[in-house]
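Results of the structural survey
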Amino acid sequence: MSFTPGTSTDSEIATSVFSDSLPSADTNGGVGLSDPATASQRRAMLDLINRLRNTGVQRDIDLPMIAVIGNQSAGKSSLIESISGITLPRSQGTCTRCPTECKLTQADTPWTCVVKLHFITDERGSPVKATNITFGDAIFNKAHVEERIRRAQRAILNPNTDYKKLLEGYQITSGANEVSFSRNYVSLEISGRELADLSFVDLPGLIASVGRAGDANDIDLVKNLVTSYIEKPSCLILLTVACETDFENQGAHHLAKQYDPKGKRTVGVLTKPDRIPQGEEESWIRLIRNEVEPLDNNWYCVKQPSSHDITLGINWVDARNMEKQFFATKKPWSGLDSHLHRFLGTSRLTERLSAILAELIARRLPEIQDELQTIILQTRSDLGELPLAPSKNPVGEISRVLKEFTRELSELLKGTPDEEGLVQTIRSHSEVFKREVYSTAPNFIPWEQKDSPRRPKLSPAKFLSNEENVNTEEEGADDEGRTRELPDYYPFVVQADYILTIVNKWQEPADELFEIVNSIIRERVGKVVEKHFAHVGRGGVKQAVLMIVYDHLDEAAGRTKEKIDWLLQVERAPATLNTHYYTDYRDKFLAHYRGCRESGNNTMSNIRNITTNCHKSETVNKALSSLKELGISAEVDDLARLLPSDPLEVALGIMASVRGYFQVAYKRFVDMVPLAIDYEMVRGMERGLDEALLEGLQLTGEDAHERCAAMLQEPTAISSKRQELSKKLERLCAARTELKRLSI
């Protein structure tokens, strides 16, 4: 809730903490250091948040915290000293170049300070596993703290230098630090009777400009570092503003307003009130009244010892008494309304901060538990989506992958029942090859060329229709390109020449089938390699296996091509032992050609017509009677035998022989070529592949383990992602363990 400037009560102030997200407090009183009923609970919650920060989980979850920000020389260090009771390093260099976390605990024990180093990033700023290092023994004398902190900050800025050397006082020249600013931080765990239960982080002061020896990049480095803290919704911003500098010129105020524009999570602190120029007091008093730049948790004002007082060795108790005396006696502070006095002094500020932080933690704890569980599940899911981590047995892992690859490849080459299987795909191309070879069959026409225009169209050979699964309609087609002119007589060499001409045409379809099958196998094998090796290592294994497999395929293809060429050479010399099959087809084609010629001969038709014609049958009868007188008994149908023999009978025999032999050779060839391809290139691809892979990948020998480990090495991006997620899961689980320890 917001409150009207100048009219807020103590209880309203206590309940105004992040009013959009925190429940209202009891109006009978706030949560303060003097409330014994809640002190133990508050201390337990603060301790839990500190333990959670030790795990580094603040990188993943917004943890409640107080961040002290301000411009350089805004009195920030003096404020922290007054709250914690220690002295911070004042020398130039390390004191403002890394965050300093202060964990204050009120305890009925002697004052103690333990200094620790917290590393959450490497020197490049990349996340690493959170490492907490105790930097020396516990300190019981406040006078020893300043030098210990200085050395600890030096260790943070030089992460590659042995921290033990720096603890012992090893010096590093100013400006020679390994990093100029760091997100790693120094932790001060301070306990004592006079302390409040409070934790906060002191951030480097914002830089307005750098000198000649400075680095202009430091301005943005510091701004980005401060922003990384205050941009989080659960961060309470403790904004220090020096009264000696014009308010509008202080960049810390503008940065805080940028990320908390409504002032719901900012506590303003005015420092150096003794240095306000005369006559300008009212402008600063208006802030205390919350009349300008109003904040839900108001503005406070503190007065720290001067440099002269520090030189004289003023102690913490005297400094607080001097502060009280200043506000009680110095105008205009002493004249403020009584209800505004609660905003004056370090003790009241400390009590208020303790109350705000305790309330914020109480509100956030259930949300932190839910967020933690959600992020753990998501992180595990992200890890599960990554490829399997490299095996600790690299030789066994590579052998396993190779075994699975060769098994699937073997199944592919032997044939699978699916419609798009390798064998099914090749078979369809083999059928095309068969039709192309059959299309080279000679198309003989049993007439002389000069008689062809007067002859009827050659009818197809019906005896082929039931045994050839090819188109036979072209048999007898009037294709001048395929027509042979028949002479009176041809020797055997002419038959061989016909056959050679036909066989030469088989080269092209055979080579085409070979190339198609080779391409199909190459594509299918490449997909299997991709499936099994794409995610192995950094991709080198896949490329190596592809080269080996393709080389092996090329060898098989070479053997296959030799077999096809050999088959073509064999077919160029006509020969067969399948004489029954050959003569059967030769006789069928001879009868077919004779029948075609007879169907075009009119002599027998004329004889039958004369027999049935009553006026001309006497002529036929006279011919039969004359034959009988010569001692030759004949019927009408026998008269054709008396006709002279067909002058093209020899040619018809040659045609029938060539065509019959084609049937023998064609069927033999269209069987043997696919069989050779299947044996040598398809199934032959598998033969010797295991040995080729073992030899090519060099998986045997003394260095096999190292070679396999190198093959399994993950791509840098995946390795980095796995490392990042693993570290994240580790700190999340550590944080969950800490949450389980909370007992309230």
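Look up a bit, the structure's there.
Let me sum up the structure you'll find in this document. If you're wondering where the values come from, they're calculated on a predicted model, not measured in any experiment. Per chain, residues are indexed from 1 in the order of the written sequence. pLDDT decides what is reported in this predicted model: residues at 70 or higher carry local features, side-chain atom pairs at 80 or more are listed and counted, and totals for whole chains, interfaces and linings draw on all residues regardless. Note: side-chain values were computed over all heavy atoms of the structure, leaving out hydrogens and water.

Some remarks on the pairing of strand β7 (residues 235–242)
So the rule is basically this: Whether a residue is buried, partly exposed or exposed follows from its accessible area with a 1.4 Å probe, protein chains only, as a fraction of its type maximum: under 20%, in between, or over 50%, in that order. Runs of E in the DSSP output that reach at least two residues are strands. Runs of H or I that reach at least four are helices, and both are numbered from the N terminus. Here the rule is simple: two strands pair whenever DSSP picks up at least two bridges between them. By convention a crossover is right-handed if, when the strands point away from the viewer, the path from the first strand over the helix to the second runs clockwise.
Buried residues dominate β7, accounting for eight of its eight residues. Side-chain alternation along β7 places Cys235, Ile237, Leu239 and Val241 on one buried face and Leu236, Leu238, Thr240 and Ala242 on a second face that is also buried. Strand direction decides the pairing type here: strand β1 (residues 65–70) and β7, joined by six bridges, are parallel. Across the sheet, Gly70 pairs through a bridge with Thr240, a residue of β7. As paired elements, β7 and strand β8 (residues 266–271) share six bridges and run parallel to each other. Considered in β8, the bridge of Ile237 is made with Thr266. At this point the chain moves from β7, through helix α7 (residues 251–259), to the parallel β8, and the crossover so formed is right-handed.

Here's the deal with the side chain of Glu680
The cut-off we apply is this: We call two N or O atoms a polar contact when they sit within 3.5 Å, provided that within protein one can donate a hydrogen and the other can accept it, with sequence-adjacent residues counted only if both atoms are side-chain atoms. We call two residues contacting when some pair of their heavy atoms lies within 4.5 Å.
Residue position: Glu680 is located in helix α20 (residues 649–682). By relative accessible area, Glu680 is classed as buried at 8%. Within polar-contact distance, the side chain of Glu680 engages the side chain of Arg559 at 3.2 Å. What Glu680 contacts, discounting residues up to four positions off in sequence, is Ala556, Arg559, Thr560, Lys563, Met685 and Arg687.

As for helix α23 (residues 716–740)
Definition in use: Here the expected span of a helix is defined as 1.5 Å times the quantity of residues minus one.
For α23, which comprises 25 residues, the first-to-last C-alpha distance of 36 Å matches the rise-based estimate of 36 Å (1.5 Å per residue) to within 8%. All of the buried residues in α23 are Arg722, Leu725, Lys727, Leu729, Arg731, Leu732, Ala735, Glu738 and Leu739.

Concerning the environment of Tyr300
Mapping Tyr300 onto the fold places it in strand β9 (residues 299–301). Looking at Tyr300, the relative accessible area reads 2%, which means it is buried. C-alpha of Tyr300 to C-alpha of Thr346: the two residues are 46 residues apart in sequence and 8.7 Å apart in space.

Regarding the sheet that holds β8
For clarity, the threshold we go by: For helices, the fitted line uses only the C-alpha atoms of the stretch in contact; every axis is such a line through C-alpha atoms, and the angle between N-to-C directions lies from 0 to 180 degrees.
Across the sheet, which stays open at both edges, the nine strands sit in the order β4-β3-β5-β2-β6-β1-β7-β8-β9 with mixed pairing between neighbours. Two strands lie at the open edges of the sheet, namely β4 (127–134) and β9, each paired on one side alone. Strand-to-strand twist across the sheet, computed as the mean angle between neighbouring axes with direction ignored, equals 25 degrees. Against the sheet, α7 contacts β1 and β7, and its axis sits at roughly 155 degrees relative to β7. Where helix α8 (residues 281–288) meets the sheet, it contacts β7, β8 and β9, and its direction lies at approximately 125 degrees from that of β9.

Remarks on the packing of aromatic side chains
Note the following rule: We call Phe, Tyr and Trp rings a pair once their centres come within 6.5 Å, taking the six-membered ring for Trp, and we label the pair stacked below 30 degrees between planes, edge-to-face above 60, and tilted otherwise. Comment: the charge-over-ring label is applied if NZ (Lys) or CZ (Arg) is within 6 Å of the ring centre and within 35 degrees of the ring normal.
For the structure shown, the criterion picks out 16 aromatic pairs. Between Trp506 and Phe669 the ring centres are 4.8 Å apart and the planes differ by 25 degrees, which places this aromatic pair in the stacked class. Within this pair, whereas Trp506 is found in the loop between α14 (492–504) and α15 (507–533), its partner Phe669 is found in helix α20, the two being separated by 163 residues in sequence. Directly above the aromatic system of Phe326 lies the positively charged group of Lys303, at a separation of 5.8 Å from the ring centroid. The residue whose ring lies beneath Arg522 is Tyr550, and the NZ or CZ to ring-centre distance is 4.5 Å.

Section: the environment of Arg183
Position of Arg183 relative to the elements: it lies in the loop between α5 (163–167) and β5 (185–192). In this structure the C-alpha to C-alpha distance between Arg183 and Val226, which are 43 residues apart in sequence, comes to 9.7 Å. Leaving out residues up to four positions away in the same chain, Arg183 has contacts with Pro99, Ile120, Thr121, Asn224, Leu225, Ser228 and Tyr229. Only 2.9 Å separates the side chain of Arg183 from the side chain of Ser228, close enough to count as a polar contact.

So, the pattern of salt bridges
Selection rule: Each reported salt bridge corresponds to a side-chain nitrogen of Lys or Arg within 4 Å of a carboxyl oxygen of Asp or Glu.
Inspection of every chain in the model, using the stated rule, returns 37 salt bridges. One salt bridge connects Glu738 with Arg51, and the closest N-O pair in it is separated by 2.4 Å. Remark: Arg51 occurs in helix α2 (residues 36–54) and Glu738 occurs in helix α23; sequence separation between them is 687 residues. A salt bridge links Asp108 to Arg193; the shortest N-O distance between them is 2.9 Å. Of this pair, Asp108 sits in the loop between β2 (100–106) and β3 (112–121) while Arg193 sits in the loop between β5 and β6 (198–202), placing them 85 residues apart in sequence. Where salt bridges share partners, they join Arg53, Glu101, Lys103, Lys116 and Glu189 into one cluster.

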